[in-house]
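Analysis of the macromolecular model
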Amino acid sequence: MHQQGIDQGVGGAALSGLRRGLFLLGVLCLVACQDPPDSSPRLGAGLAAQAQEYSARTVIEEGYLDLRDGTRLRYHLERAEDAPPGPVVMQYDGYDAGTGDYFSNIPEVKARLLRMGYAMLGVSVRGTGCSSGEFDLFVPQWAADGAEAVAWAAVQPWSDGQIGMIGYSYPGIMQLFVAAERPPQLRAIAPSNVIMDLYRDVGSPGGIPNAAFAGLFTVQQQAPGLGGMPPALFRNDPECAMNYLLNRLAYQSFALDGQLSPYIDGPFGWHARSPAATAARIDVPVLNVNYWQDEQTGSRIGGLLEPGGLLEVLGLEQSWSVMSNGNHDLTWSHPLHSELLVEFFQRYLRGVDNGWERTPRIQLLHELSAADLQPNWVTVHDQLPRPEPVSLFLRESGRLSTEPPQNAEAPDGYVYPLPSTSTNPLPDSSAELDQLWRLPAPDAGRLVWTTPALAEDIQLLGSASVDLWLSSSADDTDVQVTLSEVRADGQEVYVARGWLRASRRALDDHRSTPTRPFHLFTEASMQKLTPGEPTALRVEVFPFAHRFRAGSALRLIIDGPVALTGDWGGSPSPTPAQNTIWHDRDRASALVIGVLEDPQPRPAMRACGELANQACRDSIAPVPAGQLLLAR
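Notes on the structure in this doc start here. These numbers were taken from a predicted model, which means no experiment stands behind them. In every chain, residue numbers begin from 1 and rise along the written sequence. Local features in a predicted model are, by the rule used here, given only for residues with pLDDT of at least 70; side-chain atom pairs are given and counted only at 80 or more, and totals for whole chains, interfaces and linings are based on all residues. Excluding hydrogens and water, the side-chain values take into account all heavy atoms of the structure.

Some words on unusual backbone geometry
Proline 417 follows tyrosine 416 through a cis peptide bond whose omega is -5°. With respect to the helices and strands, the residue proline 417 is situated in the loop between strand E14 (412-416) and helix H12 (431-438). Positive phi, close to 35°, is recorded for isoleucine 301, a residue that is not glycine. Note on conventions: DSSP H or I runs of at least 4 residues are helices, E runs of at least 2 residues are strands, and numbering of each starts at the N terminus. Position of isoleucine 301 among the secondary structure elements: in the loop between strand E8 (286-291) and helix H10 (310-314). The backbone of phenylalanine 521 shows a phi angle near 60°, a positive value even though the residue is not glycine. With respect to the helices and strands, phenylalanine 521 occurs in the loop between strand E19 (491-501) and strand E20 (535-548). Only protein chains enter the accessibility calculation, which uses a 1.4 Å probe; a residue whose area is less than 20% of its type maximum is buried, one above 50% is exposed, and one in between is partly exposed. For phenylalanine 521, a relative accessible area of 3% corresponds to the buried category.

Some points on the environment of leucine 368
In this structure, leucine 368 sits in the loop between strand E10 (362-366) and strand E11 (377-381). In contact with leucine 368, not counting residues within four places along its chain, are Ser324, Asn325, Leu330, His334, Leu373, Gln374, Pro375, Arg606, Glu610, Leu611 and Ala612. Any pair of residues with heavy atoms lying within 4.5 Å of one another is described as a contacting pair.

Structural notes on the nonpolar core
The nonpolar side chains of a soluble globular protein tend to be buried, and buried together. Ranked by size, the top nonpolar core spans 112 residues in total, and within it Tyr92, Trp142, Ile558 and Leu591 carry the most contacts. Broken down by element, this core gets its largest block of residues, eight residues, from helix H4 (residues 170-180). For leucine 591, the residues in contact, after removing those within four places along its chain, are Val390, Ser391, Leu392, Leu394, Leu400, Ala464, Ser465, Val466, Leu483, Leu554 and Leu556. Take the buried Ala, Val, Leu, Ile, Met, Phe, Trp, Tyr and Cys residues and link them wherever side-chain atoms come within 4.5 Å; each set so joined is a nonpolar core. Listed in part, the 33 residues of the second largest apolar core include Ile106, Leu287, Val342 and Phe344.

What about the packing of aromatic side chains?
Each aromatic pair joins two rings of Phe, Tyr and Trp (for Trp, the six-membered one) with centres within 6.5 Å, and gets the label stacked for planes under 30 degrees apart, edge-to-face for over 60, and tilted for any other angle. Evaluated as defined, the whole model comprises 23 aromatic pairs. Between tyrosine 170 and phenylalanine 217 the ring centres are 5.6 Å apart and the planes differ by 40°, which places this aromatic pair in the tilted class. Of this pair, tyrosine 170 sits in helix H4 while phenylalanine 217 sits in helix H6 (residues 211-227), and the two are 47 residues apart along the sequence. Phenylalanine 217 shares its class with tyrosine 170; the two are buried. These aromatic residues form a ring-pair network of at least three members: Tyr95, Phe135, Phe138, Trp142, Tyr170, Phe177, Phe213 and Phe217. Distance and angle both matter: a charge sits over a ring if NZ of Lys or CZ of Arg is within 6 Å of the ring centre and within 35 degrees of the ring normal. Geometry around phenylalanine 268 places arginine 273 over its ring, the cationic atom sitting 4.1 Å from the centre.

Some remarks on the packing of helix H3 (residues 140-154) against H4
Angles here are taken between N-to-C directions and fall from 0 to 180 degrees, while the axes themselves are lines fitted to C-alpha atoms, restricted in helices to the stretch in contact. Taken N-terminus to C-terminus, the directions of H3 and H4 make an angle of 85°; their axes are 8 Å apart at the nearest point. It follows that H3 is roughly perpendicular to H4 by the angle criterion. Two secondary-structure elements touch here, H3 through Trp142, Ala143, Gly146, Ala147 and Val150 and H4 through Tyr170, Met174, Phe177 and Val178. Grouping the amino acids of the contact of H3 with H4 by side-chain chemistry returns eight nonpolar, one polar and no charged. Angle categories are assigned with fixed cut-offs, so that under 35 degrees is roughly parallel, over 145 is roughly antiparallel, 65 to 115 is roughly perpendicular, and the rest are oblique. Residue classes follow a fixed rule: Ala, Val, Leu, Ile, Met, Phe, Trp, Tyr, Cys and Pro count as nonpolar, while Asp, Glu, Lys and Arg count as charged, and any other residue, Gly among them, counts as polar.

Structure representation (structure tokens):
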């Protein structure tokens with residue numbers, strides 16, 4: 001065990017206290033002033049009046065905790081030198097939470113909690129970093145280990161027995177697993193950027209193996225532990241170096257094992273490795289954040305609002321969620337999230353009566369700015385929103401219409417696989433990376449349908465479904481669908497995407513809804529196409545929120561997934577093909593969107609390129625003449 005005193009500032013990647021406070025006041029004003037029918041957040045009288053400040057001098061303790069089966073998990077603890085035993089906030093992951101000097105992936109919150117007398121504990125999952133044991137991605141053993149770590153932390157001399165969990169992405173997902181074990185000392189969790197269904201959400205979206213992300217994750221998982229080696233060796237910890245070496249020799253790669261198990265019922269055991277398998281057992285308060293354009297874990301999280309989705313499974317009695325456009329790493333410095341995290345832990349780990357329960361269960365931050373992370377406006381909900389399904393039919397001449405075809409219309413074809421347009425592959429919304437959205441793609445490899453200019457604003461929320469009649473010259477093909485907004489000034493803004501391998505089109509009718517097809521993805525349900533025969537299939541568009549303004553148009557692009565969508569890239573079906581989309585009276589193809597009633601006037605749209613993680617380009621096709629009024 002190693003102890004060290006260091007001087008640590010409170011700033012990090014945070015905004016200043018004044019700017020943070022002004023931001024929060026602005027958000028509250030936006031909610032209260034613009035949405036009088038909805039309840040607004042009431043976050044208490046402020047932390048300064050409720051929390052004692054402790055020394056900025058931080059004590060570090062490192063060592064190993066012993067599990068019942070003899071496995072030793074490496075931990076890294078930080079606490080204020082003069083603080084008495086207090087609540088513990090734990091990050092548990094397979095990166096470097098318990099191995100390196102720096103473990104918290106939300107540094108602003110970590111620094112504030114340390115000054116308030118919380119202990120910050122990082123623990124490395126077995127088989128990662130300096131922990132012993134065997135790495136096997138998201139197996140039930142990891143959840144049981146985490147519950148043991150919670151119990152261990154509760155009885156340490158620096159702990160008062162009240163444990164919470166923190167972290168986004170990998171450590172966020174681990175919180176769902178651990179909380180489902182119901183360790184009695186665990187009082188609250190704050191997972192962000194999570195998945196619920198390892199196969200459908202990220203491993204094989206639409207049944208197409210996500211080779212690019214699986215390979216990237218393997219590198220991402222290895223690198224942080226390696227970065228923790230020099231400090232461990234410097235501090236004379238040979239056990240750490242030996243464990244790390246053994247872990248590398250026994251490493252089981254998600255990129256290999258997952259890709260070799262292409263069906264959800266394959267030997268990899270996709271369901272057992274998914275939080276959805278146990279999440280219904282979670283019985284502690286949950287604070288969640290997710291982003292619609294998250295380039296790593298995506299926005300699906302089991303379907304989000306749909307049956308089996310994160311919010312439906314957790315229930316709104318004990319969960320709070322913040323959602324916005326943006327990328328994976330916005331949680332690092334998201335100012336509203338930082339405020340909410342501290343108030344959340346104050347309420348459930350310290351018992352402070354700060355009015356937390358009056359915080360709206362769902363806060364939708366609309367049109368988050370890439371520059372300062374402030375929303376253009378906020379709407380709040382204390383019940384699950386239920387957008388109304390509205391169908392837009394694919395019609396001749398590239399037109400999307402509320403009217404289905406009444407006569408024969410000639411089908412449209414495209415060549416597969418030709419390159420399609422990529423979106424930003426990194427957690428940044430810089431102009432240079434947005435150029436990927438602007439790169440040309442061959443017209444022969446895509447089809448484009450667009451509405452006329454909208455007569456009024458429409459607010460979309462949740463999943464969407466592209467219901468197609470498709471024929472192909474091959475017995476299998478991959479379909480990518482992209483939704484975008486074409487603004488009145490001719491600029492086209494990226495909104496959302498979805499995918500499907502045609503042979504994996506079979507549906508679970510009981511779990512499918514008009515705006516979210518739920519595919520089986522089992523080996524037995526796989527069915528090849530009959531070349532040349534039109535076949536019905538539904539493509540799931542991952543959840544999003546986007547306001548299409550009057551004068552703008554909604555666009556649907558159909559092509560092949562021969563591109564990167566963030567960090568995602570599929571292993572495409574290898575057979576070249578001529579694909580055809582049918583849209584006549586007997587085979588009506590349609591885009592089904594979820595329209596949320598929102599009659600409130602909203603601020604003017606942000607300038608092109610100002611939306612976090614929503615790239616902008618010149619429109620790739622003309623907008624049909626006339627106006628479209630949605631009948632709801």
